[in-house]
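Structural overview for review
Okay, here's what each chain looks like letter by letter:
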Amino acid sequence: MSLQGHNTLLWAILVGALAGIFCGWHFGHAMESVAWIGKLFLDLLMLTIIPLIVAAVITGITGLGDVRKLGRLGGFTVLYYLSTTAIAVLVGLVIVNIMQPGIGISELNEAIPDKVAGKEAVGIAEMIGSLIKPNLVAAAAETQLLPIILFCLFFGAALTTIGEKGKVVINFFDGLNDVMMKLVIWIMYLSPIGIFALVASKLGATGGGEEFLAEISSVGKYIATVIIGLTIHAVILFTILITFSKRGRDYLFDMLRALVTAFGTASSAATLPLTMECAVEAGVDKRAVKFVLPLGATVNMDGTALYEAVAVMFIAQAYGIHMGVEEQIIIFITATLAAIGAAAIPSAGLITMLIVLTAVDLPKEGIGLLLAIDWFLDRIRTTVNVWGDSVGAAVLERVIPD
Ligand code: ASP
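Residues numbered from 1 in each chain as written. Predicted model: local features only at pLDDT ≥ 70, side-chain atom pairs only at ≥ 80, totals over all residues. Heavy atoms only, no water.

This part is about the packing of aromatic side chains. Considering all chains together, one arrives at ten aromatic pairs under this definition. Measuring from centroid to centroid gives 5.7 Å for F151 and F155, while their planes differ by 40 degrees, and the two rings are tilted. With a gap of four residues between them, F151 and F155 both fall in helix 6 (residues 145-159), about one helical turn apart. When its relative accessible area of 40% is taken as the criterion, F151 is described as partly exposed. Under the relative-accessibility criterion, F155 is labelled partly exposed at 30%. With a centroid separation of 4.3 Å and an interplanar angle of 25 degrees, the aromatic rings of Y222 and F314 are classed as stacked. You can see Y222 sitting in helix 10 (residues 220-242) and its partner F314 sitting in helix 14 (residues 302-318), a full 92 residues away along the chain. F314 sits in the buried class, given a relative accessible area of 0%. These aromatic residues form a ring-pair network of at least three members: F151, F155, F172 and F173. Over the ring of Y307 we find R381, and its NZ or CZ is 4.1 Å from the ring centre. (Phe/Tyr/Trp six-rings, centres within 6.5 Å; stacked < 30°, edge-to-face > 60°. Helix = DSSP H or I, 4+ residues; strand = E, 2+ residues; numbered from the N terminus. Buried < 20%, exposed > 50% of the residue type's maximum accessible area, 1.4 Å probe, protein only. Lys NZ or Arg CZ within 6 Å of the ring centre and 35° of its normal.)

Printed below as a string of structure tokens:
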């Protein structure tokens, strides 16, 4: 796409998002009538992810040419993701201890919310076990991306070892990757209207602006704590990290279409095709884009990690349960794991929060305090998740030897 086309589309997407907020705010429930358009857009994006991820990861790995290079990139990627996620949790813990948003909350919930009722916190063994699936087609049908990425990683590595015969397979996946990226560009033209519909219908479903404000007024300080934490993490950490990359400050602008889509869809997975497209257009090494971004969308969730730490501390404060240093260390470790384990779909963080709540013996009912506002905070944390992945790709392209 030309630079001018790129800018026009970006403006159209921004206008779509703002118009969505305006219409959802003023017309309330009436805007639920456009929800189907948003769903259509989301489904179109989701439709591309499995073939895109398969083709991208396989050609990304084979493009590295040599298994040792893969080891180096893989090692740095895991290190980078773990450390930035841990830093996000730390930022969250510091802010929530300073702002104490849960003190004075009086309307405590008695019932376990439907969303988490019947769900149990997953253990580490289950988390590791879920990396391998006996049936790849079933994993694809359930959009479980991590087992598919891992399979493609080994498939790609094996392809580089079988010489001539491997070339035809690599060419096939190379073509498939280009076709999928072309489809993504076509879908992107629909994003202004898709994002408009998603935002307008979601805000409209709360009953419009006035009702939304009334609903959130009791947890205003909590919302402020989450947003301040996410902003600090996104701005300061990434401003520092981006200086270690080959990208300039305008990288944020280059990635803006993906970031607004993340806000609109509340799903890192649905946004992934656009994140990849924007990163390629911004000039990031394709091998980093194809490997770092799919993996990042599934495991690297800085926004979710920070959010989980803040939310759990908020619940403890609201119930008047003191969390000492020892408990906060447990929160630090489990929130990092819970973010890694969260699926890249809307509200997934709420479910994996059970891991953290259970680890420090807090009541599951506490999640009820967060429900009314989760759809909104989910959009903001997903935007930070996608920004974290994007910066990751820009930084990690440096570790790929020529
Ligand atoms: N919606 C988030 C994402 O897709 C996950 C979450 O925090 O719920 O990145």
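After that view, the rundown keeps rolling.
Turning next to the nonpolar core. Of all hydrophobic cores here, the largest spans 126 residues; its most connected members are Y222, Y251, Y307, I331, M353 and L370. Ranked by residue count, the leading element in this core is helix 2 (residues 35-64), at 13 residues. With residues near it in sequence (within four places) discarded, M353 still touches Y307, E308, A311, V312, I367 and L370. Core analysis: the next-biggest nonpolar cluster, separate from the first, contains six residues, M31, V34, F196 and A197 among them. (Core = buried A, V, L, I, M, F, W, Y, C linked by side-chain atoms within 4.5 Å. Contact = heavy atoms within 4.5 Å.)

Here we come to the pattern of salt bridges. Under the counting rule described, the total for this entry stands at eight salt bridges. Here E281 and R257 are joined by a salt bridge, their closest N and O atoms 3.4 Å apart. One end of the pair, E281, is in helix 12 (residues 268-281); the other, R257, is in helix 11 (residues 251-265), with 24 residues separating them in the sequence. The class of E281 is partly exposed, set by a relative accessible area of 29%. Linked by salt bridges that have partners in common, R257, E277 and E281 make up one network. (Salt bridge = Lys/Arg side-chain N within 4 Å of Asp/Glu carboxyl O.)

Positioned with a positive phi, Q100 is a non-glycine residue whose angle comes to about 45 degrees. Even without being glycine, T143 reaches a positive phi, approximately 50 degrees. Mapped onto the secondary structure, T143 falls in the loop between helix 5 (136-141) and helix 6. By relative accessible area, T143 is classed as partly exposed at 32%.

Attention now moves to the packing of helix 2 against helix 7 (residues 164-188). Their axes nearest at 8 Å, the elements helix 2 and helix 7 cross at an angle of 150 degrees. Taken as axis vectors, helix 2 and helix 7 run roughly antiparallel relative to one another. Here the hand of the crossing between helix 2 and helix 7 comes out left-handed. Together, F41, L44, L45, T48, P51, L52, V54, A55, A56, I58, T59 and T62 of helix 2 and I170, F173, D174, L176, N177, M180, M181, V184 and I187 of helix 7 make up the contact between the two elements. In the contact of helix 2 with helix 7, the residues fall into 16 nonpolar, four polar and one charged. (Axes fitted to C-alpha atoms, helices over the stretch in contact; angles between N-to-C directions. Parallel < 35°, antiparallel > 145°, perpendicular 65-115°, else oblique. Left-handed = near helix turned anticlockwise from the far one by under 90°. Nonpolar A, V, L, I, M, F, W, Y, C, P; charged D, E, K, R; others polar.)

What follows is about the site of the ligand. Around the ligand there are 16 residues in total, and S268, T304, G349, D378 and R381 lie nearest to it. The side chain of S268 places a nitrogen or oxygen atom 2.4 Å from an oxygen atom of the ligand. Here an oxygen atom of the ligand sits 2.6 Å away from a polar atom, N or O, in the side chain of R381. Burial of the ligand by the protein amounts to 100% of the accessible area it has alone, namely 270 Å². Looking at the shell around the ligand, the elements with two or more residues in it are helix 16 (348-359) and helix 17 (371-396). Element by element, the count of residues in the shell around the ligand is highest for helix 17, at four residues. Of the residues belonging to the shell around the ligand, the class tally is seven nonpolar, seven polar and two charged. (Near = heavy atom within 4 Å. Polar contact = N/O pair within 3.5 Å; in protein donor to acceptor, adjacent residues only side chain to side chain. Areas by Shrake-Rupley, 256 points an atom, 1.4 Å probe, with all protein chains shown as cover.)

Interpretation in functional terms is not warranted from these geometric data alone.
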